[in-house]
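# Residue-level structure breakdown
The residues making up each chain are set out below.
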Amino acid sequence: MDAVTRPACRLVVFDFDGTLADTFPWFCGVLNEVADRFGFRRVAAHEIDTLRGLDAHGVLKQLGVPLWKVPAIARHMHGLAARDAGTMRLFPGIPEMLAALQAQGLALALLSSNTEANVRRVLGPEAAARIGHYACGAALFGKARRLQALLRRCGVPPGAALSIGDEIRDWEAARAVGCRFGAVGWGYTRADALAARGPDLLLSRPEALLEALVPA
């Protein structure tokens, strides 16, 4: 926990789906519909936990999704998310966490594969206004490049930023640019699979991030 100290951290970059927003149940609910549309394997309920232990490449391999189909699938998923955004909610404690971090003078940013319109709608106007920089629509395997560009836009060196996410590809992006990473255990990827990568923080609840960054 002491690997991330408040004086050294100036910017917190959040993922959205599975990190701020509880969208995994929605994802599971539409997955087989998308599978039928794009011709990949349907997922049985008993397989979900196994898939949650894999990285993105592993999930695609298990489902038989070729890489060339990924952009079209992502666009379709964004459309479904826009359709259903009114039913999506933030995890409990997220609005309060964002408010507390902002009150401590930390800059907040958001990096997501989802669209900015979907993200802002689920966040709501008050929470959305706390995010100073948005980098949305990142490709499934394009987060490192987008994170690097976001840090440059914010004027913050990688060593002064902390990336928070729920997937192995979030960890990979942070490591690729030299940014510290906090893994959340409540999202798409199982906590044990994230812990095996050795994140700087492993968070079991939103309040734990405040405890790590905000002086008592």
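Named according to an unreviewed UniProt entry, the protein is Phosphoglycolate phosphatase originating from Methylobacterium organophilum.

## Examining the overall build of the protein
What the protein contains, in helices and strands, is ten helices and six strands. Here the C-alpha atoms of the protein give a radius of gyration of 17 Å, agreeing with the 17 Å that 2.2 N^0.38 yields for 216 residues. Here the C-alpha coordinates of the protein stretch approximately 50 × 35 × 30 Å along the principal axes. For the protein, buried positions account for 52% of its 216 residues. Considering only contacts within the protein whose residues lie at least 6 apart along the sequence, 66% involve residues at least 24 apart.

## Concerning the confidence of the model for the protein
Per-residue confidence for the protein gives a mean pLDDT of 94, with 96% of residues at or over 70. In the model of the protein, helix H10 (residues 206–213) stands out as the element of lowest mean pLDDT, 90, in contrast to strand E1 (residues 11–14), which has the highest, 98.

## What about the sheet that holds strand E2 (residues 107–112)?
Within the open sheet, the six strands sit side by side as E3-E2-E1-E4-E5-E6. Their pairing is parallel. Looking at the sheet topology across the chains shown, the edges are occupied by strand E3 (133–136) and strand E6 (201–203). The average undirected angle you get between the axes of adjacent strands in this sheet is 20°. Pairing between E2 and E3: four bridges, direction parallel. Within E3, the residue paired with Ser112 across the bridge is Cys136. Helix-sheet contacts for helix H6 (residues 116–130) involve E2 and E3, and the interaxial angle to E3 is about 165°. Helix H7 (residues 143–154) contacts E1, E2, E3 and strand E4 (161–165) of the sheet and is inclined by roughly 160° relative to E3.

## Some details on empty space enclosed by the protein
Counted according to the given criterion, the structure contains two cavities of 30 Å³ or more. Taken as a whole, the largest cavity encloses approximately 60 Å³ of empty space. For the lining of the largest cavity, the secondary-structure elements that each account for two or more residues are E1, H7, E4 and helix H8 (168–177). By residue number, the principal contributor to the lining of the largest cavity is H8, which donates three residues. In this structure, the second largest cavity occupies an estimated 30 Å³ of space.

## A few points about the layout of surface pockets
Looking at the largest pocket, its volume works out to about 1000 Å³. Every residue lining the largest pocket is counted, 43 residues in all, and those nearest its centre are Phe27, Met77, Leu140, Glu167 and Arg169. Every element with two or more residues in the lining of the largest pocket is listed here: helix H1 (24–38), helix H2 (48–51), helix H3 (56–63), helix H4 (70–84) and H8. The element that contributes the greatest number of residues to the lining of the largest pocket is H4, accounting for eight residues.

Each value, and the rule that gives it
Residues numbered from 1 in each chain as written. Predicted model: local features only at pLDDT ≥ 70, side-chain atom pairs only at ≥ 80, totals over all residues. Heavy atoms only, no water. Helix = DSSP H or I, 4+ residues; strand = E, 2+ residues; numbered from the N terminus. Rg over C-alpha atoms; globule rule 2.2 N^0.38 Å. Buried < 20%, exposed > 50% of the residue type's maximum accessible area, 1.4 Å probe, protein only. Contact = heavy atoms within 4.5 Å. pLDDT = per-residue confidence, 0-100. Pairing = 2+ DSSP bridges. Axes fitted to C-alpha atoms, helices over the stretch in contact; angles between N-to-C directions. 1 Å grid on protein atoms, 1.4 Å probe; cavity = no way out; pocket = protein on both sides within 12 Å on 5 of 7 lines; lining within 4 Å. Points joined across faces, edges and corners; volume = space filled by probe spheres on them.

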